[in-house]
Amino acid sequence: MNDAMDLRARNRQATQEAIGHAALRLAIEQGPHGLALVRVHDIATAAGVSPRTYNNYFSSKEEAICSFQAGQSKRVGEALHARPAGEPLDQAIIAAVIELYTDPEPDKAGLRMIMSTPELEGEALKAFTMAEGPLTEAIAARTGTDPGRDLFPAVTAAAVAGAIRVAGRHWLLPGNTESFAAILRRALSCVVPGR
């Protein structure tokens, strides 16, 4: 029974990822106004699913296009929990976030479209904000603090989410040749104190 549930969860995730990748690819292919030109039917066809299946996973094109960021955000707490217990908090957060957000490195064209389209940027902001809850819990667990009483876990999680966004914007600047990992490391180092 557990294997069947795992298989269903993996199939569901694969379908969701296929739809999200198709939505982003089609929007990029359409150019600067790609979001307005892409239709749900086109996304569903490109992902190999029916429009009804698409609607079971996403309520908007914006949500589908930003689904990769949302998926990463949901996993950031798990990534921190997976770090060695004795690793200092600042090093653990930086390593977890860099591994999660740079393997693979973001698609520059996709990130540029998301950051330059107000509707997509708003959806991406929601996705980054989703990281705060799981990351708060993981930070609290590592530091032995109570997030209901101590502001440190929640403030640190919010600062980390903000640093990821700022790193993305900086990475997209014209003429930038640094890797996203290098920029992300610098941005996180600004906000993650040793503890």
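Residues numbered from 1 in each chain as written. Predicted model: local features only at pLDDT ≥ 70, side-chain atom pairs only at ≥ 80, totals over all residues. Heavy atoms only, no water.

Chemist: I tried to follow the overall build of the chain on my own but got confused; where do I start?
Modeler: Broken down by element type, the chain carries twelve helices and zero strands. Starting at the N terminus, the α and β elements of the chain follow one another as α-α-α-α-α-α-α-α-α-α-α-α. In summary, the chain has a C-alpha radius of gyration of 18 Å against a globular reference of 16 Å for 195 residues, a match within 12%. For the chain, the C-alpha atoms occupy an extent of roughly 55 × 50 × 25 Å along the three principal directions. Burial statistics for the chain: of 195 residues in total, 42% are counted as buried. In the chain, the share of contacts with a sequence separation of at least 24, taken over all contacts with a separation of at least 6, comes to 67%. Accessible surface for the chain amounts to roughly 10,400 Å². Of this, 55% is attributable to carbon and sulfur atoms. Across the chain, 20 positive and 22 negative side-chain charges occur, with their mean positions spaced 2 Å apart. (Helix = DSSP H or I, 4+ residues; strand = E, 2+ residues; numbered from the N terminus. Rg over C-alpha atoms; globule rule 2.2 N^0.38 Å. Buried < 20%, exposed > 50% of the residue type's maximum accessible area, 1.4 Å probe, protein only. Contact = heavy atoms within 4.5 Å. Areas by Shrake-Rupley, 256 points an atom, 1.4 Å probe, with all protein chains shown as cover. Lys, Arg positive; Asp, Glu negative; His and termini not counted. Charge placed at Lys NZ, Arg CZ, Asp CG, Glu CD.)

Chemist: Would you mind showing me how to read the pattern of salt bridges here?
Modeler: Side chains that differ in charge, positive against negative, can pair when their charged atoms come close. Under the counting rule described, the total for this entry stands at six salt bridges. In this structure, Arg-186 and Glu-178 form a salt bridge, with 2.6 Å as the shortest nitrogen-oxygen distance. Residue classification places Arg-186 among the partly exposed residues on the basis of a relative accessible area of 43%. Looking at Glu-178, the relative accessible area reads 29%, which means it is partly exposed. (Salt bridge = Lys/Arg side-chain N within 4 Å of Asp/Glu carboxyl O.)

Chemist: Would you mind showing me how to read the packing of helix α6 (residues 67-81) against helix α9 (residues 118-130) here?
Modeler: Geometrically, a packed helix pair is captured by the angle between its two axes and the distance between the axes. As a packed pair, α6 and α9 sit with axes 7 Å apart at the nearest point and diverge in direction by 15 degrees. As far as their axial angle goes, α9 and α6 are roughly parallel. Here the hand of the crossing between α6 and α9 comes out right-handed. Contact with α6, carried on its side by Gln-69, Ala-70, Ser-73 and Lys-74, involves Ala-127, Phe-128 and Met-130 of α9 and no other residues of that element. For the contact of α6 with α9, the class distribution of residues is four nonpolar, two polar and one charged. (Axes fitted to C-alpha atoms, helices over the stretch in contact; angles between N-to-C directions. Parallel < 35°, antiparallel > 145°, perpendicular 65-115°, else oblique. Left-handed = near helix turned anticlockwise from the far one by under 90°. Nonpolar A, V, L, I, M, F, W, Y, C, P; charged D, E, K, R; others polar.)

Chemist: Whenever I open this one, the packing of helix α7 (residues 89-102) against helix α10 (residues 132-143) confuses me. Can you help?
Modeler: At their nearest, the axes of α7 and α10 sit 11 Å apart, and the two run at 150 degrees to each other. In terms of orientation, α7 lies roughly antiparallel with respect to α10. Helix-helix and strand crossings are classified by hand; for α7 and α10 the assignment is right-handed. Of the residues in α10, those touching α7 at Leu-89, Ala-92 and Ile-93 are Ile-139, Arg-142 and Thr-143. Looking at the contact of α7 with α10 residue by residue, the classes come out as four nonpolar, one polar and one charged.

Chemist: Whenever I open this one, the side chain of Thr-156 confuses me. Can you help?
Modeler: By secondary structure assignment, the location of Thr-156 is in helix α11 (residues 152-171). Those residues within four positions of Thr-156 in sequence are excluded, and the remaining contacts are Ile-93 and Ile-139.

Chemist: How should I be thinking about the nonpolar core in this particular structure?
Modeler: Within soluble globular proteins, side chains that are nonpolar tend to cluster in buried spots. Residues Ile-19, Val-97, Tyr-101, Leu-184 and Leu-188 are the most contacted members of the largest nonpolar core, which totals 55 residues. When residues in this core are grouped by element, the largest group, nine residues, is from α7. With residues near it in sequence (within four places) discarded, Leu-184 still touches Val-97, Ile-98, Tyr-101, Thr-102, Ala-163, Ile-164 and Ala-167. (Core = buried A, V, L, I, M, F, W, Y, C linked by side-chain atoms within 4.5 Å.)

Chemist: I tried to follow helix α8 (residues 108-116) on my own but got confused; where do I start?
Modeler: Two residues of an α-helix separated by three or four positions point the same way, owing to the 3.6 residues in each turn. All buried positions along α8 are accounted for by Gly-110, Leu-111, Met-113, Ile-114 and Met-115. Backbone nitrogen of Ala-109 and a side-chain oxygen of the N-cap are separated by 2.9 Å at the start of α8; the cap is Asp-107. (Polar contact = N/O pair within 3.5 Å; in protein donor to acceptor, adjacent residues only side chain to side chain.)

Chemist: Could you clarify how one ought to interpret the packing of aromatic side chains in this entry?
Modeler: When we look at a pair of aromatic rings, we describe it by the centre distance and by the angle of the planes. Summed over the entire model, instances satisfying the criterion amount to three aromatic pairs. Over the face of the ring belonging to Trp-171 we find Lys-108, whose NZ or CZ atom lies 4.8 Å from the ring centre. (Phe/Tyr/Trp six-rings, centres within 6.5 Å; stacked < 30°, edge-to-face > 60°. Lys NZ or Arg CZ within 6 Å of the ring centre and 35° of its normal.)

Chemist: Any chance you could explain the environment of Asp-42 here in plain terms?
Modeler: Within the element layout of this structure, Asp-42 appears in helix α3 (residues 40-47). Taking the C-alpha atoms as reference points, Asp-42 and Leu-26, separated by 16 residues in sequence, lie 8.1 Å from one another.

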